[in-house]
Amino acid sequence: MSSFVDSLLAQVTARNPAEPEFLQAVKEVLESLEPVVQKRPEITKLKLIERIVEPERQLMFRVPWIDDLGVIQINRGFRVQFNSALGPYKGGLRLHPSVNLGIIKFLGFEQIFKNALTTTPIGGGKGGSDFDPKGKSDNEVMKFCQSFMSELFRHIGPDTDVPAGDIGVGGREIGYLYGQYKKLTNFFTGVLTGKGLGYGGSLARTEATGYGLVYFTTRMLEDRKTDWKGKKVVISGSGNVAIYATQKVQSLGGKVIALSDSNGYILDEEGIDLKTIQRIKEVERGRIKEYLSVRPKAVYTEGCSGIWTIPCDVALPCATQNELDGKAAAILIKNGVIAVAEGANMPSTPEAVSQFLAAKVSFGPAKAANAGGVATSALEMSQNSMRLSWSFDEVDSKLHGIMDNIYTQAKNASEAYGLSGNLVAGANIAGFLRVAEAMIAQGVV
Ligand code: NDP
Ligand code: 2IT
C-alpha cells in the first residue's frame, strides 16, 4: 500500500473508532483507488478522498413508541446523508437490532459509489434503526414507523433525500412511513421509493435487486463463455433480494438448491419450490425450516454459515454483511464454484474476496452487482416527477440496460488501470471517478 493510502486510513481509523464495518468498506475503496491517485495528482491536492470519507451530515434521534402492552419503548434512529454531488441523497432504511452508526455509515459510504455506477442522478445516503421487527404486531410496526418519521420528515424530501427499503423494511413499512410523512407535510410526493403500486410505486421495484443481480451475473458467466442452464446455485437469505434472485435464476434454467434465514438453511436437491418460500416469508413472516412441512425430502440445518459448504457452480450471498468469510470461500473454491456475486452489501469478508480473485473465480462486488434496486428506485423517482407509470417490461428493460452498463463500466475501468478481471477495483474506480468529477466541478463545499 502507498504511504498516501496508509496515512489516510490511519486518519479515518483515528476519527471513527469502534466502527469496524465502516473502516472495512473505506479500506477496500482506498486500496482500489491507489493507481488513480498516482495518475491524477489533483485528487490529492483537492483532498477529494478526505472529503468523500466524511459524511455531509449525520442524524441520530430518539424514536419513542408504545407497544401493544402499553409499555414505552425507545429505539435509536439514524440517517447519514453522505454525499450529494450527483443528486439528492438516496439509499435504504434498515430495521435490525444490529444497527448502529458504524453500520449505517458503511452502507451509506458504499451507496455513494453504487449510485454513481447506475448513472442516474442520485447521491448516497442510508438510515435505519435498532428496532427489531421480528415478533412485532402490525400495530407495533406502524407505531414505530410513525414515530421514526415524526423526526425524519424534516430532513428529507423528493429533491433532498429519498429513503427506501433495506433489511426489515419492505412494502408494509414504506406504506406506514409514507402515510406519516404525508400527514405531517401535506405533500403527496415521491419522498420514498418502494411504495405500493396504488400510490406511486414502480412496477418491478420489488423484483429489481434480485433480477439486477442475475442480469449482472449473466454477464460474468458470458465472459466465461457459459450461462445459467443446468448450473447449481446456492443463495443465502430468503428476503426480498434472495427471493427475486431465485425467481430469475430459475427462469433462466439454473437450479437453486439452497436458501437460508438467520436461524439456518435448507437444501433441496430437487430445486427450491419458490412459491412455498414466498408463502412462508412474504405472507406468513415465518421461519425457513417450515419449508420441510411441504418438501419433506429437503434437509434443514441449524446455523447459517454452513450453507457455503454445499457444492455449487454459482454462489449469491443475499443476506447480510460479512456472512461469507475466508474459510467459507476456501470451501466454495475447493468445491469448484465459478462465479460469486454479492446481492447483499459487503457479504464477503476481505479474506474471502482476495481468495476469489486469486483463484480466478468471477467475482461481482455488491456496489455493482446489487445496484439494480437503487437504480429502479431512481426510475420510480422519474415516474413520480412525471406523474406517470411505466409498464413492468419498460422498467425491467431499463434495469437490464443499467446492469449491463455497470458491468461494462467496471470491466473497462479494471482494464484501464491494468487490473483486468478485478471487478472490485473496476467498480470502485468507475464509481469514484463519477463522484470526483462532480465534486471538482462544484468546488469546495
Ligand atoms: P430482507 O429483510 O427482505 O431479508 C433479509 C434476509 O437476510 C432474511 O432472510 C434474513 O433472515 C437474513 N438476514 C438478515 N440479517 C441477518 C444476519 N445478521 N444473519 C443471518 N441472516 C440475516 O432484506 P433484503 O433482502 O432487502 O436485504 C438483504 C441484503 O441485500 C442486505 O445486505 C441489504 O443491504 C442488501 N440490499 C437490499 C436491497 C433492496 O432493494 N432491498 C438493494 C441492495 C442491497 P431473518 O429473516 O431470519 O432475519
Ligand atoms: O442497498 C441498497 O442499495 C438498497 N437498500 C436500496 C436503496 C434504494 O434507495 O432503493
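Above this note sits the structure.
A quick note: this is a predicted structure, and the numbers were derived from the prediction, not measured.

K.L.:
I would appreciate a short explanation of the overall build of the protein in the present structure.
P.N.:
Broken down by element type, the protein carries 16 helices and twelve strands. For 445 residues, the compact-globule formula gives about 22 Å, and the C-alpha radius of gyration of the protein, at 21 Å, lands near that figure. Judged by the C-alpha coordinates and their principal axes, the protein covers about 60 × 55 × 45 Å. Out of the 445 residues in the protein, the part that is buried amounts to 57%. Long-range pairs, those at least 24 residues apart, make up 71% of the contacts in the protein between residues at least 6 apart in sequence. Approximately 17700 Å² of the protein is accessible, and the part contributed by carbon and sulfur atoms is 54%. Across the protein, the 49 positively charged side chains and the 47 negatively charged ones have centroids separated by 2 Å.

K.L.:
Looking at this structure, I do not really get the pairing of strand β3 (residues 89–95). What am I missing?
P.N.:
Taken residue by residue, a regular strand's side chains alternate between the two faces of the sheet. Within β3, seven of the seven residues are buried, which leaves it mostly tucked inside the rest of the structure. In this structure, β3 lies alongside strand β5 (residues 161–164), joined through four bridges in parallel fashion. For Gly-92, the partnering residue across the bridge sits in β5 and is Ala-164. Taking the sense of rotation as the criterion, the β-α-β connection linking β3, helix α5 (residues 101–117) and strand β4 (residues 124–129) turns out right-handed.

K.L.:
Before we go on, may I ask you to explain helix α16 (residues 423–442) in this structure?
P.N.:
Since one α-helical turn is 3.6 residues long, residues separated by three or four positions face the same way. Here α16 spans 29 Å end to end across 20 residues, near enough to the 28 Å set by a 1.5 Å rise per residue. Most of α16 sits inside the fold, with 15 of its 20 residues counted as buried. Between the side-chain oxygen at the start of α16 and the backbone nitrogen of Val-424 there is a gap of 3.1 Å, and the oxygen is on Asn-422. Following α16 by one or two positions, Gly-443 has its phi on the positive side, about 80°.

K.L.:
Explain the pattern of salt bridges to me, please; I cannot follow it from the model alone.
P.N.:
Side-chain pairs of opposite charge can arise whenever the charged atoms involved come near each other. Per the stated rule, a full pass over the model turns up 24 salt bridges. Its salt-bridge partner being Arg-172, residue Asp-138 comes within 2.6 Å of it at the nearest N-O pair. Residue Asp-138 is located in helix α6 (residues 138–152), and its partner Arg-172 is located in helix α7 (residues 171–185); the two are separated by 34 residues in the primary sequence. Between Arg-172 and Glu-173 there is a salt bridge, and its shortest N-O distance comes to 3.0 Å. Glu-173 shares its class with Arg-172; the two are buried.

K.L.:
Sorry, what's going on with the site of ligand 2 here?
P.N.:
Near ligand 2 lie 14 residues; those nearest to it are Lys-90, Gln-111, Lys-114, Arg-205 and Ser-377. At 2.7 Å from an oxygen atom of ligand 2 is found a side-chain nitrogen or oxygen belonging to Lys-90. For ligand 2, the protein covers 93% of the area, taking 290 Å² as the surface of the free molecule. Looking at the shell around ligand 2, the elements that each hand over two or more residues are β3, α5 and α14 (372–386). Of the residues that constitute the shell around ligand 2, the class distribution is two nonpolar, seven polar and five charged.

K.L.:
Would you mind going over helix α15 (residues 392–416) with me for this structure?
P.N.:
Taking 1.5 Å per residue, 25 residues should reach 36 Å; α15 reaches 36 Å between its end C-alpha atoms and fits that length. Listed in full, the buried residues belonging to α15 are Val-395, Asp-396, Leu-399, Ile-402, Met-403, Ile-406, Tyr-407, Gln-409, Ala-410, Ala-413 and Ser-414. Buried residues belonging to α15 abut α5, α8 (205–223), α13 (366–369), α14 and α16. Remark: Gly-418 follows α15 within two positions and exhibits a positive phi of approximately 70°.

K.L.:
Please explain the nonpolar core as it appears in this structure.
P.N.:
A general tendency of soluble globular proteins is for nonpolar side chains to be buried together. By size, the foremost hydrophobic cluster in this structure holds 90 residues, and its most contacted members are Ile-49, Phe-109, Phe-216, Ile-235, Ile-277, Leu-316 and Phe-432. In this view, Phe-109 contacts Phe-22, Ala-25, Val-26, Val-29, Ile-52, Val-53 and Phe-82; residues no more than four positions away in its chain are not counted.

K.L.:
Even after reading the chapter, I still don't get the packing of aromatic side chains, so can you show me in this structure?
P.N.:
The way to describe two aromatic rings as a pair is by their centre distance and the angle between their planes. With the rule as written, the count across this model stands at 13 aromatic pairs. These aromatic residues form a ring-pair network of at least three members: Phe-61, Trp-65, Phe-131, Phe-144 and Phe-148. Above the plane of the ring of Phe-131 lies Lys-136, whose end atom (NZ or CZ) is 5.2 Å from the centre. Here Lys-248 stacks its cationic end above the ring of Tyr-211, 4.4 Å away from the centre of that ring.

Conventions we followed
Residues numbered from 1 in each chain as written. Chains lettered and ligands numbered in written order. Predicted model: local features only at pLDDT ≥ 70, side-chain atom pairs only at ≥ 80, totals over all residues. Heavy atoms only, no water. Helix = DSSP H or I, 4+ residues; strand = E, 2+ residues; numbered from the N terminus. Rg over C-alpha atoms; globule rule 2.2 N^0.38 Å. Buried < 20%, exposed > 50% of the residue type's maximum accessible area, 1.4 Å probe, protein only. Contact = heavy atoms within 4.5 Å. Areas by Shrake-Rupley, 256 points an atom, 1.4 Å probe, with all protein chains shown as cover. Lys, Arg positive; Asp, Glu negative; His and termini not counted. Charge placed at Lys NZ, Arg CZ, Asp CG, Glu CD. Pairing = 2+ DSSP bridges. Right-handed = clockwise from strand over helix to strand, strands pointing away. Expected span 1.5 Å × (residues − 1). Polar contact = N/O pair within 3.5 Å; in protein donor to acceptor, adjacent residues only side chain to side chain. Salt bridge = Lys/Arg side-chain N within 4 Å of Asp/Glu carboxyl O. Near = heavy atom within 4 Å. Nonpolar A, V, L, I, M, F, W, Y, C, P; charged D, E, K, R; others polar. Core = buried A, V, L, I, M, F, W, Y, C linked by side-chain atoms within 4.5 Å. Phe/Tyr/Trp six-rings, centres within 6.5 Å; stacked < 30°, edge-to-face > 60°. Lys NZ or Arg CZ within 6 Å of the ring centre and 35° of its normal.

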